[in-house]
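Coordinate inspection notes
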Amino acid sequence: MNVARIAVNYPLKNQGLLYFYDGALSRGEVVEVPLGRRTALGCVIEPDASASREFTETPVEKIKAITSRVPDWCLDKRELELFEWMSVYYHYPLGQLIFDCLPHHLKRPRGLEQTQGEGRPLEFSPNLAQRSIIDSIRDGLSGFQRHLIHGVTGSGKTVVYLDLIKATIDSGKSVLFLLPEINLTPQFVATFARYLSAPILTYHSELSDSQKYQIWLAARGMERGALILGVRSSIFIPVANLGLIVIDEEHDTSFKQDDRCPYNARDVAAKKAQLLNIPIVMGSATPSLESYYNFHRGGHGLFEMRDRAGQATLPEITLVDARDKSGAAEEIWPLVPASVEAIRSALVKGEQVLVFVNRLGFASYLQCRGCGHQFNCPNCSISLRYYKRKNQLACHHCDYKEPLNTQCPECGCLTLSQKGFGTEKVEEILRSHFPDKKIERFDRDEIKTFKQLEERLGDFHAGRIDLMVGTQMLSKGHNFEKVKLVLILGIDNQLNFPDFRSSERVYQTLTQVAGRAGRYSQDGRVLIQTLNPDNTLFQIVKAHDFHRFYEEELEIRKLCDCPPFKRLAMIHFSSRFQDRLIGHVNDHVAPILRDLVGKHFNEVTILGPRPAHIEKKSNQFTWSILLKSGDLAQLHNLLKSFELNYKSMSSVSYKIDIDPYSLI
């Protein structure tokens, strides 16, 4: 019998387990293997491990045999190389990573649905800025190159994407197009289907297991060019003849996965392009500081588009001072008279209006006016959010819900104060002031399925909705032809967030939301309602001055040793038992790390341990340790050494997050 090394779908960080097998076996094949008292899926890493030290030192009776092989399911060379790189870079078990990312294997998948492009001739020609970028990138379509298009909102980045996609497909190769959010899918499918004469496949979380598996099979066997358009997980689709990867809104935090392996699809895409020797094109009106810095410092691959396409101009941005109480009425809170009047004026002209509020629900929390009691989640260390339409309090971190109690459970007081506001509250205020207008919400509480998403966007584009209140879902990439006014509420909360990226996130949010206004005109307006109009960041946003923001933010990042000047890693420890967790992290984990840094890794700085910003989520307490270093190799080697020296404790788990997006 032969012996193979197999990466098993199990949370064990090793090089794979050894199994016997008969006949021939290829690297990348998927098999079923015995694991304890059950069977598990595994992927063949090394078909012949007979010369390994592990095999010579392991008693034969302890090595089991492969149970069966899974037909029609095999990873090719480049796929497996990508997973192996991710496993090392993100310090995550290889077998578990592979089967987290692959669709479920099905014996009888349903038929594949796809959109066939109409292949119409273009109704427009690229302008000079677009043409220059297209020509520069087209010259390098035959090999690996990284490109970043920094174009203001409405500058026509999609025209550049379309030309490059069309050229790639015409050459017989396929294109993978990554979007940050599922809600952008209908818009891009409609655009690309009009002008491409090729199949278009979409891949997102609303698809069934059968549909995902069918796309996986179809992509692997493609013989002619096609477009695969999807969210972050589509980066793992094995497109047989991939010739180009495009990432829209490359800065977006949606590309970073939080659960399981915390990978960043943007960085994985770059590695995939390198392995396949193909170009990758990224675009954003507000590129991440790290991306812009790296391209700017590198001196090539960065393209700027500073003006909107056609006759459109960037919108005028006005700050509305919410501190001014003159003429203010309690019944319109959280809006102020100037904001209501601007909305009324736009609606009278027959325009559509967007109102951005980055919070769900009616109130952020409730508090008793008698004794000060707050309604907190029993599973998480946060207050419950109030939803008026459902008449319930709910936690947005776990599934806990409870009906609204009309009196305080502590003192019996009947007066409960509503603190803060969300989309539901703003919608109610607007309905009371504009009863003759069609007002809808665009958030995850209101829209739960892809069909509802398409219907709501369709109604808005068709003019059947006059005013839409929404969250971040509104801010990314949408083209709303009749929107000239955008109102932004509640942005002050984000400015005060205890994270070094808070200013960058606020700048990106404001710029992206503002970019929905006046995309087809010269009189777009954006109102930012704030209690802090003197904040420098608002002046930068008003001037549409990305480069000033970039330079000033870089100075701050350098002072605090944050990216792009230092690389970061977080180690999160979690347990149901708070005392046991705190003692373990402080008395066992921290000393190991400090000892390793002192003796071998002096380029690494340790911060912590400290509790997470929300210490308790879903009955799990979390404490974290932050590692900083200007030497990426030292950072990774420290983590490897830690894992070799660390002795786990029952009921305490840990997770490593490389290049974390949030430090809280």
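Up top you'll find the structure we're talking about.
Described below are features of the structure shown in this document.

Thresholds applied
- Residues numbered from 1 in each chain as written.
- Predicted model: local features only at pLDDT ≥ 70, side-chain atom pairs only at ≥ 80, totals over all residues.
- Heavy atoms only, no water.
- Helix = DSSP H or I, 4+ residues; strand = E, 2+ residues; numbered from the N terminus.
- Rg over C-alpha atoms; globule rule 2.2 N^0.38 Å.
- Buried < 20%, exposed > 50% of the residue type's maximum accessible area, 1.4 Å probe, protein only.
- Contact = heavy atoms within 4.5 Å.
- Areas by Shrake-Rupley, 256 points an atom, 1.4 Å probe, with all protein chains shown as cover.
- Lys, Arg positive; Asp, Glu negative; His and termini not counted.
- Charge placed at Lys NZ, Arg CZ, Asp CG, Glu CD.
- Axes fitted to C-alpha atoms, helices over the stretch in contact; angles between N-to-C directions.
- Parallel < 35°, antiparallel > 145°, perpendicular 65-115°, else oblique.
- Nonpolar A, V, L, I, M, F, W, Y, C, P; charged D, E, K, R; others polar.
- Phe/Tyr/Trp six-rings, centres within 6.5 Å; stacked < 30°, edge-to-face > 60°.
- Lys NZ or Arg CZ within 6 Å of the ring centre and 35° of its normal.
- Expected span 1.5 Å × (residues − 1).
- Polar contact = N/O pair within 3.5 Å; in protein donor to acceptor, adjacent residues only side chain to side chain.
- Pairing = 2+ DSSP bridges.
- Right-handed = clockwise from strand over helix to strand, strands pointing away.

1. Here's the deal with the overall build of the chain
Along the backbone of the chain there are 18 helices and 29 strands. Computed over the C-alpha atoms, the radius of gyration of the chain is 27 Å, within 12% of the 26 Å expected from 2.2 N^0.38 for a compact globule of 664 residues. Once the C-alpha set of the chain is aligned to its principal axes, its extents read approximately 85 × 70 × 50 Å. Going through the 664 residues of the chain one by one, you find that 54% of them count as buried. Sequence-distant contacts in the chain: of pairs separated by 6 or more residues, those separated by 24 or more amount to 76%. Element-wise, carbon and sulfur atoms account for 47% of the exposed surface of the chain, whose accessible area totals about 29400 Å². Averaged over its 81 positive side-chain charges, the chain has a centre that lies 2 Å from the centre of its 78 negative ones.

2. Details of the packing of helix α9 (residues 289–298) against helix α16 (residues 546–559)
Where α9 contacts α16, the two axes come as close as 11 Å, and the packing angle between them is 100°. Classified by the angle their axes make, α9 and α16 are roughly perpendicular. Residues L289, E290, Y292, Y293 and H296 of α9 touch α16, and the partners they reach there are F546, H547, F549, Y550, E553, L554 and R557. The residue makeup of the contact of α9 with α16, split by class, is 7 nonpolar, 2 polar and 3 charged.

3. Brief notes about the packing of aromatic side chains
Aromatic ring pairs are described here by two measures, namely the spacing of the ring centres and the angle between the planes. Tallied over the entire structure, the rule returns 30 aromatic pairs. Geometrically, the ring pair formed by F573 and Y646 is edge-to-face, given 6.1 Å between the ring centres and 65° between the ring planes. With F573 in strand β26 (residues 567–575) and Y646 in the loop between α18 (632–645) and β29 (652–658), the pair connects residues that are 73 residues apart, well separated along the chain. You'll find F573 and Y646 in the same group, each marked buried. Ring pairing ties together the aromatic residues Y292, Y507, F546, F549 and Y550, which thus form one cluster. Over the ring of Y387 we find K390; its NZ or CZ atom is 5.5 Å from the centre of that ring. Of note, R580 hangs over the ring of F577, and the distance from its end group to the ring centre comes to 4.5 Å.

4. Concerning α18
End to end, α18 covers 20 Å across 14 residues, agreeing with the expected 20 Å (1.5 Å per residue, within 8%). For α18, the set of buried residues is Q634, L635, H636, L638, L639, S641 and F642. The inward-facing, buried residues of α18 contact α2 (77–89), β26, α17 (578–599), β27 (604–617), β28 (620–629) and β29. For α18, the side-chain oxygen to backbone nitrogen distance between the N-cap and A633 is 3.1 Å, and the N-cap itself is D631.

5. What about the pairing of strand β12 (residues 242–248)?
Of all 7 residues that make up β12, 7 are buried, and the element is covered over most of its length. Pairing geometry for strand β9 (residues 174–178) and β12, over 5 bridges, is parallel. Its bridge partner lying in β12, L178 is registered against I247. By the bridge criterion, 4 bridges tie β12 to strand β13 (residues 280–284) in an arrangement that is parallel. Bridge pairing in β13 links V246 to V281. For the crossover from β12 across helix α8 (residues 265–276) to β13, the handedness is right-handed.

6. Thoughts on the sheet that holds strand β19 (residues 392–394)
The strand order β18-β19-β20 describes an open sheet built from 3 strands, whose pairing is antiparallel. Across the chains shown, the open sheet's two edge strands, defined by having one partner strand only, are β18 (385–387) and β20 (401–403). Direction aside, the axes of adjacent strands within the sheet are offset by 30° on average. Where β18 and β19 come together, 3 bridges link them in antiparallel fashion. Looking at β19, one finds that Y387 is bridged to Q392.

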